[in-house]
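# Per-entry structural report
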Amino acid sequence: MADGTFAALLFVLGMTDMGMNHCGTASGCLGSSDSKPRLSISGGEFLERRADPAAELYLRYDLGRTYGPFGTAAGLSVAEEGETWVGAGATYSLPLGQTGAYAELHAMPGLYFDNGGFDLGGTVAFRSGLELGYETRNGWRLAVSYDHRSNASLYAENPGIETVQFKVSVPLK
């Protein structure tokens, strides 16, 4: 699943949800609505598959706006060797029953600067992933996430990189 699979899942599940639950309503397929803005901080490590293990810190802001079933988010990550990624994109959340457990997919295009660290082959880099977590009654979320970054073969070299992280998310309203 360490390629564009998470982005494809977000698209397929989100479009299915949109067709079943949003199209035909007064607000339309991609009707805008308010959601809970959140600030998240994650810490984790690059997986050893393609890169040397290295710590990464990731901040993400969920903007508090949805379009149909899709949320909006912006993120910034910095890794141990100075590797920096910044981007924005879409999220899609699935509650897992009535327990507070959830799954969330994200797909975010952005810019990547290796700063002498792991080289992704170019500046444009796409980040997509899956988060599995639990939301408390007061809206805090605790999760484990797995994501993939690559340039989607825009450049001659496309090594890609995966990250596993622990995430804490706080509602801002």
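Residues numbered from 1 in each chain as written. Predicted model: local features only at pLDDT ≥ 70, side-chain atom pairs only at ≥ 80, totals over all residues. Heavy atoms only, no water.

Attention now moves to helix α1 (residues 5–22). For α1, with 18 residues, the first-to-last C-alpha span of 24 Å sits near the 26 Å given by 1.5 Å per residue. Residues of α1 that are buried: F6, L10, G14, D17 and M18. End-on, the buried residues of α1 take up no more than an arc of 105°, which puts them together on one face. Exposed residues on α1 whose side chains face more than 90 degrees from its buried face are F11 and M20. Those residues of α1 hidden inside the fold are in contact with β4 (70–79), β5 (84–95), β6 (101–113), β7 (124–135) and β8 (141–150). Phi turns positive one or two residues past the end of α1, at G24, with a value near 90°. (Helix = DSSP H or I, 4+ residues; strand = E, 2+ residues; numbered from the N terminus. Expected span 1.5 Å × (residues − 1). Buried < 20%, exposed > 50% of the residue type's maximum accessible area, 1.4 Å probe, protein only. Arc of directions from axis to C-beta. Contact = heavy atoms within 4.5 Å.)

Taken as a whole, this structure holds 1 disulfide when the rule is applied. In this model, C23 is linked to C29 through a disulfide, with the two sulfur atoms separated by 1.9 Å. Across the S-S bond of C23 and C29 the torsion is about 130°, and the bridge reads as right-handed. The exposure class assigned to C23 is partly exposed, which follows from its relative accessible area of 28%. Residue class for C29 comes out partly exposed when judged on its relative accessible area of 30%. (Disulfide = S-S within 2.5 Å.)

This next bit is on the environment of A73. The residue A73 is located in strand β4 in this model. The class for A73 is buried, based on a relative accessible area of 2%.

Next up on the list: the pattern of salt bridges. Applying the stated criterion across every chain yields a total of 11 salt bridges. A salt bridge links R38 to E135; the shortest N-O distance between them is 3.2 Å. Placement of R38 in strand β2 (residues 38–46) and of E135 in strand β7 is noted, with a sequence separation of 97 residues between them. In this structure, E56 engages R127 in a salt bridge whose closest nitrogen and oxygen atoms are separated by 3.1 Å. (Salt bridge = Lys/Arg side-chain N within 4 Å of Asp/Glu carboxyl O.)

Next up on the list: the confidence of the model for the chain. Note: predicted coordinates in regions of low pLDDT should not be interpreted at a detailed level. Overall, the prediction assigns the chain a mean pLDDT of 92, with 97% of residues at 70 or greater. Across the chain, the element-wise mean pLDDT spans from 90 in α1 up to 97 in β4. (pLDDT = per-residue confidence, 0-100.)

Here we take up the nonpolar core. Membership of the largest hydrophobic core is limited to 12 residues, which are F46, A54, Y58, A73, A79, W85, M108, Y112, F118, L120, A125 and I161. Counting only elements with at least two residues in this core, the list comes to β4 and β6. Ignoring any residue separated from it by four or fewer positions in sequence, one finds Y58 in contact with S40, I41, S42, G75, L76, S77, W85, M108, R127 and Q165. With 6 residues, the next largest nonpolar core counts F6, F70, Y92 and L105 among its residues. (Core = buried A, V, L, I, M, F, W, Y, C linked by side-chain atoms within 4.5 Å.)

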